Amino acid sequence: MRQSDPVDSVCPCDLHESVCDINCCCDRVCAEELSLFTSCSVDRVSGSQQLCSGDVASYSLRITIDGYSELQASVGEEPNYDILCIQSQNRVGGLSHPPPALPTDSSFDSLFKEFTSFMFGSEERQVSSAELQDSSGYQYGEVMLTADRGVFLLPAAAITADCVDSSAAGFLKDQSSVCSRRVTLQQHCSSLPPLSMNTYTDIQLLAGKNEDAAVVPVQVCSVVLQSVEGTQTELQISDGEDLPPALLDPSLCGNVVLKVAYVMKYSPAGEIVNVSVSLVLGFVSEAELTLEQEFHITFVQEDGGEGAVHSSGNPVFDWSLTVVLTGIVGSLDPRDTLSLLLSAEQQDCLRGPQQRAPVLFAVDSVSGCTLEDAANCSLVQQLLLDVLRGPNPPQHVASFGNSLLDSPMDWLPIENNLNPGEAQSCSIPLSLHLEVQWTQYGSLVNPQAQIVSIKEIIQTNTTSLEVLSAGSSTLSISSSVAFIPVSAAALPGYRATPTIDAKLPFDFFFPFV
């Protein structure tokens, strides 16, 4: 084959001139016999293998609805990965490539530094003071420094399930890991540092990479004690207080760290502003072969950045993640989520700023507040509605976890079922209930969770306030959400019975006929 010959004019299996060669798809004289071919003996013809790229002719057969074969041929350009091709030449010596010097005992170290610095970036680069000042904050993936110029570590599992305590956490890289440790109670209960909460709380991080960066201590947000049976109780501890592990008896060790969760708040400049940690302490018995620990770290941007909200799923909703909403389709803020009033101790519905909690998918919730004074009925009615619904009441909710604004069919309107009750001189909303119906959408192998409807039900008083409060000056106001699965039962589907329409190739009885 000459380089000037087109690849579709070359046919290696065409061995007989003016005679059709069986199953030779590139044979041009096989137009009539082609429908009876069973395969292509040569399905690929390429040009010179010494070129960086070249034309390649491909041949294949497809079966028509009548059972006959039909040829599919195409010609395209493909690169040749078997040779080294120089796309651009910027070498000082031009096209002259002398043989490289062979490494010797005396030159090996210098050659290793020369070439590995290019391959792996191991060459040290002097950073000027101006560059260091400009990059005082951390960059994505960089390790975070501690006050003693160490590295902030977060244990994680490596190749095996065993915990690796020397694993460094990367900036802006949310991480969750579960690993295990082999613990001997008599030896490790009070002496192994990873079992003590002080190891994870007595840490001071540097806000940035500069030597004069501010020191950010780790604040203990909550400490929960988990019993042997699994029940959890939040402990009230003062600042700086430590609960070291203690050997309660020869077969039980208490106050062992079971779960650690860090939340790091950072500024747009990449500097750490605040670090908080939540811990779960528990017990480990001698009967347990290994101790399982969980470690989590989450990064949240300062001033309510987008990193503070994790939307629920892609493409579908994930359990216990937030449900995205919007007031008007076309103006979605990533931080807008469906929310409920957050309950607090002695919370008055009409006093102080009201905190709200995001609605988590498939998690039913109930919260509320108390109403102390309802003298001005018309004013209290509107204020209670605003408190229960929240600022900027939503109008639409995403049916999928990643619904786009340019897909209006993926956004569901929130139906309102305001029940004012019977005619009363004063009608005050007593409860707000969100009823979310969802279904499993798609195939049985990989069903996708989808919200199909959402309804807001507001119940008002049907009797006088004195009767409702039973003579008390306090009235309870509630808000709740319930997720109702409405998936229809799956029905098996059957394909139509296939029909046999077989045609034998003309050479089926060869060489007998």
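Predicted model, so just to flag it, every value in this text is computed and none were measured.

Draft legend 1. A look at the state of the cysteines. In this structure the tally under the stated criterion is 7 disulfides. Two residues, cysteine 13 and cysteine 24, share a disulfide whose sulfurs are 1.9 Å apart. For the disulfide bridge between cysteine 13 and cysteine 24, the dihedral angle about the S-S bond is near 80°, and by the sign convention the bridge is right-handed. Placement of the pair is cysteine 13 in the segment before strand 1 (44-46) and cysteine 24 in the segment before strand 1, with a sequence separation of 11 residues. Assessed through its relative accessible area of 12%, cysteine 13 is described here as buried. Each sulfur of the disulfide joining cysteine 349 and cysteine 369 lies 1.8 Å from the other. Since a negative S-S torsion denotes a left-handed disulfide, the cysteine 349-cysteine 369 link at about 105° is right-handed. Note that cysteine 349 is positioned in the loop between strand 15 (339-341) and strand 16 (356-358) and cysteine 369 in strand 17 (residues 365-371), a separation of 20 residues in sequence. Exposure class is identical for cysteine 349 and cysteine 369. Each is buried.

Draft legend 2. Structural view of the pairing of strand 22 (residues 448-460). The sheet contact formed by strand 21 (residues 429-441) and strand 22 spans 12 bridges and is antiparallel. Counterpart to glutamine 437 in the pairing with strand 22 is serine 453. Counting the residues between successive antiparallel strands, the hairpin from strand 21 to strand 22 contains 6 residues, one of them, glycine 442, with a positive phi of roughly 110°.

Draft legend 3. Structural detail: helix 5 (residues 377-389). The terminal C-alpha atoms of helix 5 lie 18 Å apart, and with 13 residues this matches the ideal 18 Å at 1.5 Å per residue to within 8%. Inspection of helix 5 places Cys377, Val380, Leu384, Leu385, Val387 and Leu388 among the buried residues, and these make up the whole buried set. Projected onto a plane normal to the axis of helix 5, the buried residues spread over an arc of 165° and lie on a single side. Buried residues in helix 5 make contact with strand 15, strand 16, strand 17, strand 21, strand 22 and strand 23 (475-485).

Draft legend 4. Structural view of the side chain of threonine 201. Along the polypeptide, threonine 201 turns up in helix 4 (residues 198-201). Of the polar contacts made by the side chain of threonine 201, one reaches the backbone oxygen of methionine 197; its length is 3.0 Å.

Draft legend 5. Spatial organisation of the nonpolar core. Grouped together as the largest cluster of nonpolar side chains are 33 residues, with contacts concentrated most on Met144, Phe152, Tyr262, Met264, Ile272 and Ile297. Contributing elements (two or more residues each) for this core: strand 7 (204-206), strand 8 (215-226), strand 11 (252-266), strand 12 (272-285) and strand 13 (291-301). Each residue touching methionine 144, except ones within four places of it in the same chain, is listed here: Tyr138, Gly150, Val151, Phe152, Ala169, Gly170, Phe171, Leu205, Met264, Ile272, Ile297 and Phe299. The next biggest cluster of nonpolar side chains, apart from the first, holds 31 residues, and it includes Leu341, Leu371, Val387 and Leu412.

Draft legend 6. Structural context of the pattern of salt bridges. According to the stated counting rule, one finds 5 salt bridges in the structure shown. Arginine 44 is the partner of glutamate 78 in a salt bridge, and the nearest nitrogen-oxygen pair spans 2.6 Å. Of this pair, glutamate 78 sits in strand 3 (residues 69-79) while arginine 44 sits in strand 1; the two residues are 34 residues apart in sequence, bridging distant segments of the chain. By relative accessible area, glutamate 78 is classed as partly exposed at 32%. The shortest N-O distance in the salt bridge between aspartate 165 and arginine 181 comes to 2.5 Å.

Conventions adopted
- Residues numbered from 1 in each chain as written.
- Predicted model: local features only at pLDDT ≥ 70, side-chain atom pairs only at ≥ 80, totals over all residues.
- Heavy atoms only, no water.
- Disulfide = S-S within 2.5 Å.
- Helix = DSSP H or I, 4+ residues; strand = E, 2+ residues; numbered from the N terminus.
- Buried < 20%, exposed > 50% of the residue type's maximum accessible area, 1.4 Å probe, protein only.
- Pairing = 2+ DSSP bridges.
- Expected span 1.5 Å × (residues − 1).
- Arc of directions from axis to C-beta.
- Contact = heavy atoms within 4.5 Å.
- Polar contact = N/O pair within 3.5 Å; in protein donor to acceptor, adjacent residues only side chain to side chain.
- Core = buried A, V, L, I, M, F, W, Y, C linked by side-chain atoms within 4.5 Å.
- Salt bridge = Lys/Arg side-chain N within 4 Å of Asp/Glu carboxyl O.

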